[in-house]
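# An overview of the molecular structure
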Amino acid sequence: MSFTFLAPLFLFGALAIAIPVFVHLTHRERKEAMLFPSLMFLRRVPYRTVRRQRIRNWLLFLLRTLAILLLVAAFARPFVDRASLATTVVGDSREIVILLDRSASMAYGDRWDRGVGAAREVVDGLRAEDRATLVLFADRADALTQPTNDQATLGAVLSEARPLSVGTRYAPAVQLARDLLDASELPNREVVLITDFQRVGWSADAALRMPEGTVVTPVDLSAADAANVAVSGVQLDRTGSDGSRLVVTARITAATGDSATQIGATLEIEGQVVATRQVVVPAGNAVTTMFAPVQLPSRKVVGRVRIEADALPHDDVFGFTVEPRAEVPLLILHHPNARPGELLYLRQALAIGTTPPFGLEIAPATAIPPNGFDDRAAVVLYDAPFPRGVAGRRLRDFVESGGGLFVVLGPRSGEAAWSPEAATLLGDSPGPTVDRDTRRGGTLSVLDYRHPLFESFGAARGVDFSSARFFRYRRWTPPEDAVVLARFDDGAPALVELTAGEGRVLVWTAGAANIWSDLPLHPVFLPFVHELARYVATYRESPPWHVAGTVLDLAGDLPLRNWGASGTVFGPEPGELIVETPSGSRSALDGGTGYRLELQEHGFYAIRSADAGPATQLAVNPEPAESDLGTVEPDLITAAIAPTEGGGGSRVAQLAATLTPAEKERRQALWWYVLMAVLLLLFTEAVVAGRRSGAFMKPRSAEARDATAVR
Amino acid sequence: MTATRFLDPTVLARIGNLELLARTVVDGFINGLHHSPYFGLSVDFAEHRPYMPGDDIRRVDWRVFGRTDRFYVKEFEADTNANFVVLLDVSGSMRYGSGPVSKLDYGRFLAACLSYFSRRQRDRVGIATFTDRVVDFVPASAKHLDIVLHTIDRAEAKGAGSLEAPLLTLTEVLNRRSILVLLSDLYEEPDVVMHAVARLRARGHDVIVFHLLDPAEIAFPFDEAAPFQDLETGERIPVVPETLRDEYRAQMRAHLTAVADRMARNQVDYGLFETSRPLDYALFEYLSRRERLSRVR
């Protein structure tokens, strides 16, 4: 069927053509009388009520009949339903998604300018019925405009866009393009992929097919002879007894290129060049170069490793920050009667740590003053009775306000050592000791490697807790809300974590000397103790640099250096933070935005509180993979994302086939034209009828009268 | 603007002053007859008479003056003094007009023109308007042209019409032989019309009957069915013109034929005039009658 109606019931209205037929065939009498000089002759003619049996005004009759039929047709909502008219039905408009790569590699040479130019060509080629969406992508994709035909808007967005320092991932862009095209009702779909086709951004596993009928047009901005040398990373080592000397080792990479490159590398500290080295970087390889040690001031410093600029300047500078070395203050409380050697293994293990170093203060648990917990990161209660009285309450307050407590249960940790404060904080007192076989002992059989404390041991080779033997430990039933992180092979808890207020409490039930176990003699003891200390002290290391693309939670990732309290470097309540990006733009972050900062530029971000105070700086470097300018064949990506062949004819025909009759009728809107024709007919009818009506009462022309008059 | 243009009834209808209208029509008509073969019918020489103060010196015969050294004025046949009376039907049916000019208008134009024309012929002019009775009567007099024109001007068509009674009345009033011009639509039986006119004729009057009809009365061009109302009686009858047209025309045709036949048999000059025709047709018709009357006389 080629022509049909959406509301065919209205066609019954065609019966209304009986109206003009009735009007034209029936006797129609004027209401007002015709004045006539004399009825002398009319009176003589026998009066007959004669019904008109024939149509006199054929033109009027046809006009009225046609008007009624067309009006009925308009109400019945006609539309054309033919495959050959599919283009007419669904139109020839296009939905275009412009995918423009803005990863760090697009800053190479004139790639960005060429990419913007290609996008502008697409925008300029938009027709009135087309729509386009501009999607800028790097490691994620953002649609910067709604689907629009406004070339000015698209052009303005293009003018504002700049390449970022983040990596390339095609998958999010392809996914977004697919979502946009899926949501489009336009018949033709196009994807214009403008990129340098960097190999590192493409993962064949993530290939997504565009919707049926989509035309994928690649715009290749890559260059076969692209060469790039980059500072791909630095290693920062501290030397000296107090760690005040910094040794910087830079890794310089030439991922692409044909020949070795000799290049100068410069180390800058606080903006001052402190060392320069000449290195030769083989093509497709990397070298490391170590700079002479630099004496650091006792404050946070910023540094850069810079090489001579090439076509991709983003990765020619590598920035970093160096925090002043600060010890994690630990207070170890022992039993007043403890022997001098009991703390040997624990003390030695903590003293070795450099990342971070631990500041130890060892004191009898009974001699600690009430303010002895101030400015401590954590307290180690080593086989000692829980402080009582004021000291006990201060210890509890210390923990609940964010401090750490590591309780080592030993021979003296019986019920007598359990003060009321201990019961409040830790629950029931420990039970009796458990003795295992003196030759084989017990082992740690269950460890929660998903816990941050054991996470680093999960994949480490040569670190094995199962080889340690435990001959005695104290049986203790933790509170219900406690989390058992490690158990012995008989099921008894070995390491338990409790939460008290904002602080952490760890309870170790097997002592720390080599009397109840041989754990201190195993290699795992040292990193285990360090992890325990870092975890219980809530130690968070500030990375010397971040990679572009990272999202920072400034409220959580900028730890407070004042131990024993929560908050950021800006205090317990950060308030509004002012962020200045490397390009100089400023923005404000507060609790409403969640203090989340996306690092999109490379260089140094300066962050300070709105309440003034010194700014803290973050070093941000480009995604290292962006330095590798190796490309993947555009045809490969195009073939991977292009829709599969076949599958039910053209997109236009498919769209036309999927359209509901109501949608087809709405798109064609033939009723509108039919209604216009009706109005035209009615106007013509009015003119003709008016003239006819006037002619009825007018005398005929002299000539016509002469022809008919009686002489 | 040509004289003929002036004679168009629709143009004349815009002229409010009847005297001006009559003068315009008659002067224009006479001017238009300069080349007419009938030019001399009203200026045939009759006799000379001595010049009297007040006579137009253009009428002095200079040849006689040359021979006799006396002033003589030429008298013509047309300058005889006759009574000229218009009998104007002002019954309700005369109000009808399918165009801008009703039958009464046309009759008024005609009456005014003929009166003015007759007065220029030195006739005494008078008028009688009638319906089923005599409405106004102005006796014929050489000084009554203004009154005649005024009477024509205020004539109003209304009321039932009849010929017999008013013409009988006029027969008794008009003692002196006169030229009577009857302007009417003659909606009477032909025998009745003839009977009334014959009575005038029998009294020695020269009777000229101008039968005035609207074109629509003859052609009956109506299409739309409607109740038709009689202008004189107010009677209404429903009419489907399409079905009645042919019979009406036949009736009208028979009526006109009968009237014309009876007028001819009784030597009464008769003419049928449609109100759409220019007045010069009627004037020409009248002059033709006058010529014949003068020859007879």
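Conventions adopted
- Residues numbered from 1 in each chain as written.
- Chains lettered and ligands numbered in written order.
- Predicted model: local features only at pLDDT ≥ 70, side-chain atom pairs only at ≥ 80, totals over all residues.
- Heavy atoms only, no water.
- pLDDT = per-residue confidence, 0-100.
- Helix = DSSP H or I, 4+ residues; strand = E, 2+ residues; numbered from the N terminus.
- Contact = heavy atoms within 4.5 Å.
- Axes fitted to C-alpha atoms, helices over the stretch in contact; angles between N-to-C directions.
- Parallel < 35°, antiparallel > 145°, perpendicular 65-115°, else oblique.
- Left-handed = near helix turned anticlockwise from the far one by under 90°.
- Nonpolar A, V, L, I, M, F, W, Y, C, P; charged D, E, K, R; others polar.
- Expected span 1.5 Å × (residues − 1).
- Buried < 20%, exposed > 50% of the residue type's maximum accessible area, 1.4 Å probe, protein only.
- 1 Å grid on protein atoms, 1.4 Å probe; cavity = no way out; pocket = protein on both sides within 12 Å on 5 of 7 lines; lining within 4 Å.
- Points joined across faces, edges and corners; volume = space filled by probe spheres on them.
- Salt bridge = Lys/Arg side-chain N within 4 Å of Asp/Glu carboxyl O.
- Polar contact = N/O pair within 3.5 Å; in protein donor to acceptor, adjacent residues only side chain to side chain.
- Pairing = 2+ DSSP bridges.

On to the confidence of the model for chain B. When pLDDT drops low, the exact placement of atoms in the prediction is not to be read closely. All names here are of chain B. Considering every residue of chain B, the mean pLDDT works out to 80; 79% of them sit at 70 or more. Mean pLDDT across the secondary structure elements of chain B bottoms out at helix α1 (residues 3-6), with 39, and peaks at strand β4 (residues 124-130), with 92. Note on residues 1-6: pLDDT under 50 across the span, and 5 contacts to partners over four residues away in sequence or across chains. For residues 31-42, every residue scores under 50 in pLDDT, and the model assigns this stretch 9 contacts once sequence neighbours within four places are set aside. Overall fold confidence (pTM) sits at 0.53, and the ipTM for the predicted complex is 0.77.

This brings us to the packing of helix α8 (residues 190-202) of chain B against helix α10 (residues 241-265) of chain B. Residue and element names in this part refer to chain B. Running from N to C, α8 and α10 point in directions that differ by 30°, and their axes come no closer than 9 Å. Taken together, α8 and α10 sit at an angle that is classed as roughly parallel. The hand of the α8/α10 crossing is right-handed. Contact residues: Pro190, Asp191, Val193, Met194 and Val197 in α8; His255, Ala258, Val259, Arg262 and Met263 in α10. Among the residues making up the contact of α8 with α10, the classes are represented as 7 nonpolar, 1 polar and 2 charged.

Residues and elements named next belong to chain B. Counted at 1.5 Å a residue, the expected span for helix α5 (residues 103-120) with its 18 residues is 26 Å, and the 25 Å between its end C-alpha atoms agrees. Summarising burial for α5: 15 of the 18 residues are buried, a large majority. In the stretch just after α5, Arg122 is the one whose phi turns positive, near 70°.

A few words now on the packing of α5 of chain B against helix α6 (residues 145-153) of chain B. Residues and elements named next belong to chain B. Relative orientation of the contacting elements α5 and α6 amounts to 175°, with a least axis distance of 10 Å. Taken together, the axes of α5 and α6 are roughly antiparallel relative to one another. Two secondary-structure elements touch here, α5 through Arg108, Ala111, Ala112, Ser115, Tyr116 and Arg119 and α6 through Leu145, Val148, Leu149, Ile152 and Asp153. Its residues assigned to classes, the contact of α5 with α6 shows 7 nonpolar, 1 polar and 3 charged.

Positive phi values are uncommon outside glycine, yet Phe197 of chain A reaches one of about 50°. Residue position: Phe197 of chain A is located in the loop between β7 (188-195) and β8 (214-220). Since its relative accessible area comes to 0%, Phe197 of chain A is described here as buried. One non-glycine residue, Phe220 of chain B, lies in positive phi territory at about 50°. Structurally, Phe220 of chain B is set in the loop between α9 (215-219) and β8 (226-230).

Applying the stated criterion to the full structure yields 7 cavities of 30 Å³ or more. Of the volumes computed, that of the largest cavity is approximately 100 Å³. For the largest cavity, the lining is made up of 13 residues, of which Trp508, Gly511, Ala512, Phe525 and Val529 of chain A are closest to its centre. Listed by contribution, the elements that provide at least two residues to the lining of the largest cavity are β20 (404-408) and α12 (525-536) of chain A. Top contributing element to the lining of the largest cavity by residue count: α12 of chain A, with 4 residues. One number sums up the size of the second largest cavity: a volume of about 80 Å³. Taken together, 13 residues make up the lining of the second largest cavity; nearest its centre are Asp89, Gly161, Ser162, Asp185 and Tyr187 of chain B.

Now for the pattern of salt bridges. Taken as a whole, this structure holds 39 salt bridges over all chains when the rule is applied. Arg64 of chain A is paired through a salt bridge with Glu685 of chain A; the nearest N and O atoms lie 2.5 Å apart. Here Arg64 of chain A is found in helix α3 (residues 58-75), whereas its partner Glu685 of chain A is found in helix α17 (residues 670-697), with 621 residues between them in sequence. In this structure Arg64 of chain A comes out as partly exposed when scored by relative accessible area, which is 24%. Across the salt bridge formed by Glu164 of chain B and Arg199 of chain B, the nearest N and O atoms sit 3.8 Å from each other. Taken together, the residues Glu164 of chain B in helix α7 (residues 164-173) and Arg199 of chain B in helix α8 connect sequence positions 35 residues apart.

Residues and elements named next belong to chain A. Locating Thr581 in the fold gives a position in the loop between β29 (577-580) and β30 (586-589). According to the relative accessible area criterion, Thr581 is buried, its value standing at 13%. At 3.1 Å, the side chain of Thr581 forms a polar contact with the side chain of Ser583. Setting aside anything within four residues of it in sequence, one finds Thr581 in contact with Glu601, Phe604 and Tyr605.

Moving on, we come to the sheet that holds strand β5 (residues 131-137) of chain A. Residues and elements named next belong to chain A. An order of β6-β5-β4-β7-β8 is seen for the 5 strands of this open sheet, with the pairing classed as mixed. Each of the sheet's edge strands pairs with one partner strand only, and the pair in question is β6 (141-143) and β8. Going across the sheet, the axis of each strand differs from the next one's by a mean of 20°, ignoring polarity. Bridge count for β5 against β6 is 3 bridges, and the pairing is antiparallel. Bridged to Phe137 within β6 is Ala141. Across the sheet, helix α5 (residues 111-124) lies against β4 (94-101), β7 and β8, angled at about 175° from β4, the strand it touches most. Along the sheet, helix α14 (residues 634-641) makes contact with β7 and β8, crossing β8 at roughly 160°.

Below, the discussion takes up the environment of Arg474 of chain A. All names here are of chain A. In this structure, Arg474 sits in strand β23 (residues 472-474). According to the relative accessible area criterion, Arg474 is buried, its value standing at 7%. A sequence separation of 20 residues divides Arg474 from Ala494, and the C-alpha atoms of the two residues are 8.8 Å apart. If we skip the residues at most four places from it in the chain, Arg474 touches Leu409, Gly410, Pro411, Ser413, Gly414, Pro430, Gly431, Pro432, Thr433, Thr509 and Trp516. One polar contact links the side chain of Arg474 to the main-chain carbonyl oxygen of Gly431, over a distance of 2.8 Å.

Residue and element names in this part refer to chain A. Extensive coverage of strand β10 (residues 245-256) is indicated by the burial of 9 of its 12 residues. The pairing of strand β9 (residues 228-239) with β10 spans 10 bridges and is classified as antiparallel. Counterpart to Arg238 in the pairing with β10 is Leu246. The hairpin formed by β9 and β10 contains 5 residues between the paired strands, and Gly240 there has a positive phi angle of roughly 90°. As paired elements, β10 and strand β14 (residues 294-295) share 2 bridges and run antiparallel to each other. Bridge pairing links Leu246 to Val294 in β14. Where β10 meets strand β13 (residues 285-290), 6 bridges bridge the pair, whose relative direction is antiparallel. The residue bridging Ala254 from the neighbouring strand is Asn285, located in β13.

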